[in-house]
Amino acid sequence: MFKPEFRSFYRTELPRFAREAGDEDRKFLAELLGCALPNKRTPPLFECRSPPHLGLGLSSRQRPTFRCSLTDERLLLDSRLDNMPQTPPFKGQLNTGGYNNNLYDETKEEVYPGLYYHDNNLASGSLEALIHHLVPTVDYYPDRTYVFTFLLSSRLFIHPYELMSKVCHLCMEQQRLSDPQADKLRLRKTTPKILQLLTEWTETFPYDFRDERMMRSLKELTHRLASGDEVYKKAVGQMSQGLIRRLTVLSQYEEALVKVNATAAERLTALKAKPQAATQRDLLSICNDPFTVAQQLTHIELERLSYIGPEEFVQAFVHKDPLDNDKSCFSDRKKASNLEAYVDWFNRLSYLVATEICLPVKKKHRARVIEFFIDVARECFNIGNFNSLMAIISGMNMSPVSRLKKTWSKVKTAKFDILEHQMDPSSNFYNYRTALRGATQRSITANSSREKIVIPFFSLLIKDIYFLNEGCASRLQNGLINFEKFWELAKQVSEFMTWKQVECPFEKDRKILQYLLTAPVFTEDALYLASYESEGPENNMEKDRWKSLRSTLLSRV
């Protein structure tokens, strides 16, 4: 019934970093990928602590291959940025015709000798030259694909607040903002461009500005730019208000997550304290319509996706720059907290599915719950919600569930086999990637908001980005930054940015949402105990484990 590929689904080969990183980095990576990392002296094979956690069968030979030319990647990235919300340029001051498309330009090469091009595309450069390339001048504004790509990837080499400080210094130096006698005509030409750059930064990477040092530099520069000009003061005010609004919404979301997690913990504690008295309601008693449940799962997925900043994909895997004698750029792991919260949701949903299946006493009821979740998973697939789909499949493939042979004998598994085939991890998830391309194409040509929904299997997206980062050198042998790598990184992240902008078109059901987010879920040991209680142990090993679990878990009550 369960394919060998899914039994080995959570085995993979770690890159060198997992073996050579410091203890703090190793612990964080293990938590993010949901894996138990090997000791540094052991072979690079590891196993997941429990099935639903992230840990896909992607060996080094299965790493994504990139066959498109650099020009193709740039065009694709540019088209995706076209679909993202764009900051309108200041009227009469900046237009797309003034954009430099990062093609070879003799004047730019002369000014910034640290930039190098291949087939008329920026391929590498020194960090200082790349920073100079970001800063607008009288007759130059960086292409938006370059702005997004550099702001995304530069954090591998420099803190955002340090980059902001350098940008501010260059702007003030080039425009002579500290000089009261500065050329007014020059300022009128450059100020809108600088404000445009700052606005793009605050809109696309607002979480960078939770750092007081970032805000301090931003305020200093905008104060100088807007001094004595009401039009620029208004523009600065609008930019600042938009930034504050985004950061406020983020704080409210984080507070809401804390409350939801606290409620879930309290309900689990209450269940443990009085397991006999607490007759836990199941999902079927709240809603027996698979389509409605799939819609509510999509609400949760899209909300949590929307709060993940593009920079979190880079910051989650940042480690020491080999040319940097200082510590790692990001030791503060809160830099990827929204990404981690989304990973936690995947794991919770998997365990919730397993709990709902293992809880019922009667075999007939358990079979009905399995068939219900198969239908929910199918509706998720039709919607384009691949993350919930995979979480449900993972929950049903957990050992405490898969061992319930008598229960499964009562289940019509034809639909489940089809779903497993769609999410089969063989050939680097070829079937899933084909379905994802179809959903993406449907989203592009969508006639309704429902058709725009694309929710990727998130752990595979993380793995692709992780292996891209680990498999390609960030610096070339000559010490220059490998910008070709970052075009590809930006392409993958920009696709995610398009997906996360979609608003959920379905009506919310507070009752179902509350249950999905706060219903108690069993630990792996508790699931095994419930499974053994439902269908007794089949061999001596299971009998011994059953006795041990009864002794350990029931004695705590």
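These numbers come from a predicted model, not from an experiment.

1. Quick word on the pairing of strand E6 (residues 121-125)
Across the five residues that make up E6, a large majority, five, are buried. Joining the antiparallel neighbours strand E5 (residues 115-118) and E6 is a turn of two residues, in which Asp 119 adopts a positive phi near 50°. Pairing geometry for E6 and strand E8 (residues 481-482), over two bridges, is antiparallel. By the bridge assignment for E8, Ser 124 is matched with Asn 482.

2. As for unusual backbone geometry
Positive phi values are uncommon outside glycine, yet Asp 119 reaches one of about 50°. Position of Asp 119 among the secondary structure elements: in the loop between E5 and E6. Overall, Asp 119 belongs to the exposed group, its relative accessible area being 57%. Phi angles above zero are rare outside glycine, and Asn 120 is one such case at about 65°. Relative to the assigned elements, Asn 120 resides in the loop between E5 and E6.

3. Points about the confidence of the model for the protein
With 73% of its residues at a pLDDT of 70 or more, the protein has an overall mean of 80. For the protein, per-element mean pLDDT is lowest for strand E3 (residues 45-48), which scores 28, and highest for helix H13 (residues 290-306), which scores 97. Per-residue pLDDT stays below 50 along residues 2-21; that stretch engages in 76 contacts with residues further than four places along the chain or on separate chains. Across residues 33-68 the pLDDT falls below 50, and counting only partners more than four positions away or on other chains, this stretch makes 107 contacts in the model.

4. Considering the sheet that holds E8
With respect to topology, three strands assemble into an open sheet ordered E5-E6-E8, the strand pairing being antiparallel. Looking at strand neighbours, the two that pair on one side only are E5 and E8, the edges of this open sheet.

5. Points about the nonpolar core
Among the nonpolar cores identified, the biggest contains 152 residues, and Met 396 and Phe 458 are the most heavily contacted of them. Looking at which element gives the most residues to this core, the answer is helix H15 (residues 337-358), with 13 residues. Residues from two domains meet in this core; each of domain 1 (120-243) and domain 2 (286-323 + 330-522) gives at least three. Leave out the neighbours within four places in its chain, and Phe 458 touches Leu 305, Ile 308, Phe 313, Leu 339, Tyr 342, Val 343, Asn 387 and Phe 496.

6. Here's the deal with the side chain of Thr 199
Tracing the backbone shows Thr 199 in helix H9 (residues 184-204). Judged by relative accessible area, Thr 199 falls into the buried class, the value being 11%.

7. Some thoughts on the packing of helix H6 (residues 127-134) against helix H7 (residues 144-153)
Any two packed helices are characterised by the angle at which their axes cross and by the distance between the axes. Where H6 contacts H7, the axes come no closer than 10 Å and their chain directions differ by 140°. On the basis of the axis angle, H6 is oblique to H7. With respect to the hand of their crossing, H6 and H7 are arranged in left-handed fashion. Here H6 contributes Leu 127, Leu 130, Ile 131, His 133 and Leu 134 to the contact with H7, which in turn contributes Tyr 146, Val 147, Phe 150 and Leu 151. Counted by class, the contact of H6 with H7 contains eight nonpolar, one polar and no charged residues.

Rules used throughout
Residues numbered from 1 in each chain as written. Predicted model: local features only at pLDDT ≥ 70, side-chain atom pairs only at ≥ 80, totals over all residues. Heavy atoms only, no water. Buried < 20%, exposed > 50% of the residue type's maximum accessible area, 1.4 Å probe, protein only. Helix = DSSP H or I, 4+ residues; strand = E, 2+ residues; numbered from the N terminus. Pairing = 2+ DSSP bridges. pLDDT = per-residue confidence, 0-100. Contact = heavy atoms within 4.5 Å. Core = buried A, V, L, I, M, F, W, Y, C linked by side-chain atoms within 4.5 Å. Domains from an automatic or database assignment. Axes fitted to C-alpha atoms, helices over the stretch in contact; angles between N-to-C directions. Parallel < 35°, antiparallel > 145°, perpendicular 65-115°, else oblique. Left-handed = near helix turned anticlockwise from the far one by under 90°. Nonpolar A, V, L, I, M, F, W, Y, C, P; charged D, E, K, R; others polar.

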